[in-house]
Amino acid sequence: MQPVPAITPEPVAPRPRRGLRWALALAVLGAGLGAAPAAHAAASPYERGPAPTVASIEASRGAFTIAQSTVAASSVSGFRGGTIYYPTSTAEGTFGAVAISPGYTATQSSVAWLGPRLASQGFVVITIDTLSRYDQPASRGTQLLAALDYLTNTSGVRTRIDRNRLAVMGHSMGGGGSLSAANSRPQLQAAIPLTGWHTVKNWSGVRVPTLVVGAENDSVAPVSSHSEPFYTSLPSTLDKAYLELNNASHSAPTSTNVTVAKYSISWLKRFVDDDTRYDQFLCPAPPASATIQEYRNTCPHS
């Protein structure tokens, strides 16, 4: 792994609960401090980067210049190494972090496109290789958490990360693993299973904001027996959404996909960074289109 210069972390205030943040925002508005109805009120201290636009979240790269480093399998335990992508500047403070797992028999190369895409939007990202290509979803979930622990505790980029703002993603069995990780670590801020596969269908115990991404023509993890029951089993009180990709297959998230990137970025920004500027892309629910077969959610976010 190439050396990363030590950065002194900037102090970050304790993160208030979502309900409290909403109450504070209402109090500010009630006090008449908003200059105009369109003004952005009660900005989160974790906002990173310029105000978003459709063009900015659909772009192949965001506003942050990034670098990457290799994590050798021999240097870690709990997962089989990977690649870290991170913003080179810390002028805006620390960043949230995301761990991403590939699916059954796959390597990190199958999800590698997400690394620079997300990092350039203001996240530290690690794409991992699993201990075995045949690891089941629960094991992949444990490995995602091991990767986050490595990032925040011993990696060369640990001072760039806010350890209270972490998320998991994964494709196929890696997506199932992201659900397992969220179920076992409710302190996570977001989970995104991408065309996820898991034998467990009931995730009523999850307390982590979750975006479930399915694909209309998925024959490996059909939405009727995977993504849809995953979504419906999540608590109705949870911030959750279901995005079904139109006319897409199981492998849709394994190569550059603007729709996957657009809504993943928006979800991570909204719930890892508490950045309400991204609500506009999630609430109200985007309509069916050439790329979206269906979108369900529990808006408004609170």
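Residues numbered from 1 in each chain as written. Predicted model: local features only at pLDDT ≥ 70, side-chain atom pairs only at ≥ 80, totals over all residues. Heavy atoms only, no water.

By the naming in an unreviewed UniProt entry, the protein goes by Triacylglycerol lipase and is assigned to Micromonospora noduli. For the record of the protein, the UniProt heading Sequence similarities (unreviewed entry) holds the text "Belongs to the AB hydrolase superfamily." (UniProt positions renumbered as here; feature names shortened; annotations may be inferred.)

Help me understand the packing of aromatic side chains in this model?
Between two aromatic rings, the relevant description is the distance of the centres plus the angle of the planes. As enumerated under the stated definition, the model contains seven aromatic pairs in all. When the centroid spacing of 5.6 Å and the interplanar angle of 90° are considered together, the rings of F64 and F95 count as edge-to-face. Taken together, the residues span a long stretch of sequence, with F64 in the loop between α2 (54-58) and β1 (66-71) and F95 in strand β3 (residues 95-101) at a distance of 31 residues. For the pair F64 and F95, a shared accessibility class is recorded, and that class is buried. (Phe/Tyr/Trp six-rings, centres within 6.5 Å; stacked < 30°, edge-to-face > 60°. Helix = DSSP H or I, 4+ residues; strand = E, 2+ residues; numbered from the N terminus. Buried < 20%, exposed > 50% of the residue type's maximum accessible area, 1.4 Å probe, protein only.)

It is not clear to me how the state of the cysteines should be interpreted in this structure. Could you clarify?
Working definition of a disulfide: a covalent bond connecting the sulfur atoms of two cysteines. Counted according to the given criterion, the structure contains one disulfide. Between C283 and C299 runs a disulfide, and the two sulfur atoms are separated by 1.9 Å. Linking C283 and C299, the disulfide has an S-S dihedral of approximately -75° and is accordingly described as left-handed. Pair noted here: C283 is in the loop between α7 (258-272) and β9 (292-297) and C299 is in the segment after β9, with a separation of 16 residues, a long-range link. For C283, a relative accessible area of 19% gives the class buried. (Disulfide = S-S within 2.5 Å.)

Whenever I open this one, helix α5 (residues 173-184) confuses me. Can you help?
In an α-helix there are 3.6 residues to a turn, and that puts residues three or four apart on one side. Between its terminal C-alpha atoms α5 stretches 16 Å, which fits the 16 Å expected from twelve residues at 1.5 Å a residue. Most of α5 is tucked away, with ten of its twelve residues classed as buried. Taken residue by residue, α5 has M173, G174, G175, G176, G177, S178, L179, S180, A181 and A182 as its buried positions. The secondary structure elements touched by the buried residues of α5 are β3, α4 (137-153), β5 (161-171), β6 (190-194), β7 (210-215) and α6 (227-233). (Expected span 1.5 Å × (residues − 1). Contact = heavy atoms within 4.5 Å.)

I'm lost on the pattern of salt bridges in this one. Help?
If charged atoms from side chains of opposite charge come close, those side chains can pair. Under the definition given, this model contains ten salt bridges. Note that E47 is salt-bridged to R277, the shortest N-O span being 3.6 Å. In this pair, E47 sits in the loop between α1 (18-30) and α2 while R277 sits in the loop between α7 and β9, placing the two residues 230 residues apart along the sequence. The salt bridge involving R296 is made with E228; its shortest N-O contact spans 3.0 Å. Linking R296 in strand β9 with E228 in helix α6, this pair joins segments that are 68 residues apart in sequence. A relative accessible area of 21% places E228 in the partly exposed class. A network of salt bridges, in which partner residues are shared, links D162, R165, K269 and D273. (Salt bridge = Lys/Arg side-chain N within 4 Å of Asp/Glu carboxyl O.)

Explain the environment of F79 to me, please; I cannot follow it from the model alone.
Within the secondary structure, F79 is located in the loop between β1 and β2 (82-87). Taking the C-alpha atoms as reference points, F79 and Y150, separated by 71 residues in sequence, lie 9.7 Å from one another. In this view, F79 contacts I126, I128, D129, L131, Q143, A146, A147 and Y150; residues no more than four positions away in its chain are not counted.

How do you make sense of the sheet that holds β9 when you look at a structure like this?
The strands that make up a sheet pair up through hydrogen bonds in the backbone, lying either parallel or antiparallel. If you walk across this open sheet you meet the nine strands as β1-β2-β4-β3-β5-β6-β7-β8-β9, and the pairing is mixed. With partners counted over all chains shown, the strands left at the sheet margins are β1 and β9, one partner each. Neighbouring strand axes in the sheet, compared pairwise and without regard to direction, differ in orientation by 15° on average. As judged from the six bridges shared by β7 and strand β8 (residues 240-245), these two strands associate in the parallel manner. When the bridges of β8 are listed, V213 appears paired with L243. (Pairing = 2+ DSSP bridges. Axes fitted to C-alpha atoms, helices over the stretch in contact; angles between N-to-C directions.)

It is not clear to me how α4 should be interpreted in this structure. Could you clarify?
An ideal rise of 1.5 Å per residue puts 24 Å on 17 residues; α4 measures up with 24 Å between its terminal C-alpha atoms. Burial analysis of α4 places twelve of its 17 residues in the buried class, the great majority of the element. Where α4 is concerned, the buried positions are P137, R140, G141, Q143, L144, L145, A146, A147, L148, Y150, L151 and T152. Its buried side turned inward, α4 meets β1, β2, β3, β4 (123-128), β5 and α5.

I tried to follow the pairing of β2 on my own but got confused; where do I start?
Remark: a regular strand shows side chains that alternate across the two faces of the sheet. Along β2, six of the six residues are buried, which leaves the element largely enclosed by surrounding structure. Here β1 runs beside β2; their pairing, made up of six bridges, is antiparallel. Paired with I66 across the strands is P87, a residue of β2.

Is there a simple way to explain unusual backbone geometry in this structure?
Negative phi values dominate among residues other than glycine, just as trans dominates among peptide bonds. At the junction of C283 and P284, the peptide bond is cis and its omega measures out at -5° in the coordinates. Across the junction of C299 and P300, the peptide omega takes the value 0°, indicating a cis bond. Tracing the backbone shows P300 in the segment after β9. In this model, S172 sits at a positive phi of 55°, which is unusual for a non-glycine residue. Following the sequence through the fold, S172 ends up in the loop between β5 and α5. Of the residues examined, S172 reaches a relative accessible area of 6% and is grouped as buried.

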